[in-house]
Amino acid sequence: MTPIDTVLDQALTRVTDKVQATIPVDRQVRAAHLVKKAKRFAGLETPLVFTEEPIPDPADVPLTEIDLSNPFMNRQGKWYPYFARLRDEAPVHYLADSPFGPFWSITRYADIQAVDSNPKVFSAEPYIVLGQPPLEIEMFIAMDPPKHDVQRKAVQGVVAPRNLKEMEGLIRERVQEVLDSLPTDEPFDWVDRVSIEITGRMLATLLDFPYEQRRKLTYWSDTISGTAEGTGGTTHQDEMFAAGEELARSFVALWHDKAARRAAGEPDGFDLITLMQTSEDTKDLIKKPMEFLGNLTLLIVGGNDTTRNSMTGGVLALSQNPDQFEKLKADPSVIPNMVSEIIRWQTPLAYMRRVAKEDVHFGGQFIRKGDQVIMWYASGNRDERKFENPDAFLIDRPNARNHMSFGFGVHRCMGNRLAEMQLRILWEELLARFDRIDVVGEPEYVQSNFVKGYSKMMVQLTARSAPQESAEPAEEPAAA
Amino acid sequence: MGTITFVEYDGTTHEIELVDGSSLMQLATSNGVPGIDGDCGGEASCGTCHVIVDEAWAARTGTRSEEESQMIEMSPECAPNSRLACQITATPDLDGLTVRLPEFQM
Ligand code: FES
């Protein structure tokens, strides 16, 4: 860079920072929305719309036309057979044309691990989804080192195992409350009453967000991660922007409210906002609104879809494999291993995207600088080269912990221990209460090429016939 | 042919027989040392085999690579001699080595 460029660059950064710091973040979101709308009216951009059509069997499609980005793959039960074909015939596969542009699909375990561990060549910027999310926010999951490391370190303490130990009792209480409110011997929607409810309560606790409004967190998360442009979902752009604006306003208010309460002498809690306000690196984050918004969105979305769909997936897997449920009841000490197996089997986020920073030979193919590279975790977790009998759900699978749902390398999921703990507690408490958990009817699936999730799953519970040893002592029989 | 000692955070020690050519992560997981998970199978890409090498041994085990640093430095318990156990290969030269475990793996 010439000196004059540097000067200009610095001046520009100063101006941008100033604008970022002085214009309220919800207004910035609104401004971005207006720009998008204007482009749409001017015909410069057309919103994507997906219509469901039956997906053919993988054997009937030419290799070069296989499109894993179809947001109905999961709903129609087609992803796994397509993954299997690609792993065998084209493990580093190029699709020249898709609604999300051309992209490479990496489907074998070892290849995905290699890409994920090489942030120098495969960049996580600027997004980690296939499409282009309409709202550009900054989050460290989509940043490369060294910027990534600084931002991540600043917020990850809240889910550090030391804090989790403090939180375990609270999490268990919340799970117990939810489970104790469930009906037995009559069908109800597991997704709504258990998975969403528990995840929402946890997120509200982590963020010290008003408890009665916790469903808003779920709504924002679903809406923001569900645009057609980003993941092939059903959210309209306008709705997404409205949600982003509301989220931004709420969290700015939450931040200021927290600061005021702390200034008034309220003791520090174990919530994320307090943690950010007391850490040197993040105490002024509110002055960088897009970054502030990005990090909060990341924590909400990251803690939402993932745990929720593993909570549903585990019940589905055990219901489809009654022998495994019997095994579990006979030996509950297998729960931690089963939790890993559930996360492998479900893989709540199907992939992460990278972009090649340079031309590179990989897996016998030539990937060009700028190409999108999709690491299909959902496929790596079913790779027969790594997992014996990979489609089977085995709660005592010896290498279940080697699943790749958390990713590898610098972007490895920072909430991994929290997720494991929530699922472990859920299963401990379920076993203490119920003899059977039957899925009644076909589950309904989320429309997305990114989130591997459920929108509805009807379940019927049967209470334990014999009280458990650790349970409350039975009531004294009434005196004759 | 020698031993390597793993010290858990609470002070419990595990003296493990040294197998030439094995990584410390493999030695720990195959001998049931609690607190070493080895989730990525030894590819320096999960950070769940974090150990802290005794000062006196640092010269012989060598120091961590840039790749290792990227994983370990994200842990709040990262110490100057923190290493990934999967990246240290046991050799007869390491007979008598002691490594400590952090309180938690991330
Ligand atoms: S086993 Fe994963 S980093 Fe060592």
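One can find the structure itself at the top, above this paragraph.
Residues numbered from 1 in each chain as written. Chains lettered and ligands numbered in written order. Predicted model: local features only at pLDDT ≥ 70, side-chain atom pairs only at ≥ 80, totals over all residues. Heavy atoms only, no water.

A. Seen up close, the overall build of chain B. If you tally the helices and strands in chain B, you get 3 helices and 5 strands. Taking 106 residues into account, the globule formula puts the C-alpha radius of gyration at 13 Å, and chain B, at 12 Å, falls close to it. Based on the C-alpha atoms only, the size of chain B along its principal axes is roughly 35 × 25 × 25 Å. Sorting the 106 residues of chain B into buried and exposed places 55% on the buried side. Counting 4 positive and 18 negative side-chain charges, chain B places the centres of these two groups 8 Å from one another. (Helix = DSSP H or I, 4+ residues; strand = E, 2+ residues; numbered from the N terminus. Rg over C-alpha atoms; globule rule 2.2 N^0.38 Å. Buried < 20%, exposed > 50% of the residue type's maximum accessible area, 1.4 Å probe, protein only. Lys, Arg positive; Asp, Glu negative; His and termini not counted. Charge placed at Lys NZ, Arg CZ, Asp CG, Glu CD.)

B. The arrangement of the sheet that holds strand β2 (residues 13-17) of chain B in detail. All names here are of chain B. Spatially, the 5 strands line up as an open sheet ordered β2-β1-β5-β3-β4, and their pairing is mixed. Sheet topology places β2 and β4 (82-84) at the edges, where each strand pairs with a single neighbour. With direction set aside, neighbouring strand axes in the sheet form an average angle of 35 degrees. Across 3 bridges, the pairing between strand β3 (residues 50-53) and β4 is antiparallel. Directly across from valine 51, in β4, lies its bridge partner arginine 83. (Pairing = 2+ DSSP bridges. Axes fitted to C-alpha atoms, helices over the stretch in contact; angles between N-to-C directions.)

C. Representation of the side chain of A:Arg308. Residues and elements named next belong to chain A. In this fold, arginine 308 is placed in helix α12 (residues 289-320). With relative accessibility at 5%, the residue arginine 308 sits in the buried group. For arginine 308, the contacting residues outside a window of four places in its chain are Ser195, Ile196, Thr199, Thr218 and Asp222. (Contact = heavy atoms within 4.5 Å.)

D. Spatial organisation of the interface of chain A and chain B. Between chain A and chain B, the residue contacts involve 21 residues of the former and 21 residues of the latter. Between chain A and chain B, the buried area comes to about 1800 Å², and carbon and sulfur atoms account for 49% of it. Where chain A touches chain B, the interface holds 6 salt bridges. Note that A:Lys165 is salt-bridged to B:Glu103, the shortest N-O span being 3.8 Å. Counting every contact that joins chain A to chain B gives 11 residue pairs in polar contact (both at pLDDT 80 or more). Among the secondary structure elements, those contributing two or more residues to the side of chain A that touches chain B are α5 (147-156), α6 (161-180) and α16 (416-433) of chain A. (Buried area = accessible area lost by both parts, 1.4 Å probe. Salt bridge = Lys/Arg side-chain N within 4 Å of Asp/Glu carboxyl O. Polar contact = N/O pair within 3.5 Å; in protein donor to acceptor, adjacent residues only side chain to side chain.)

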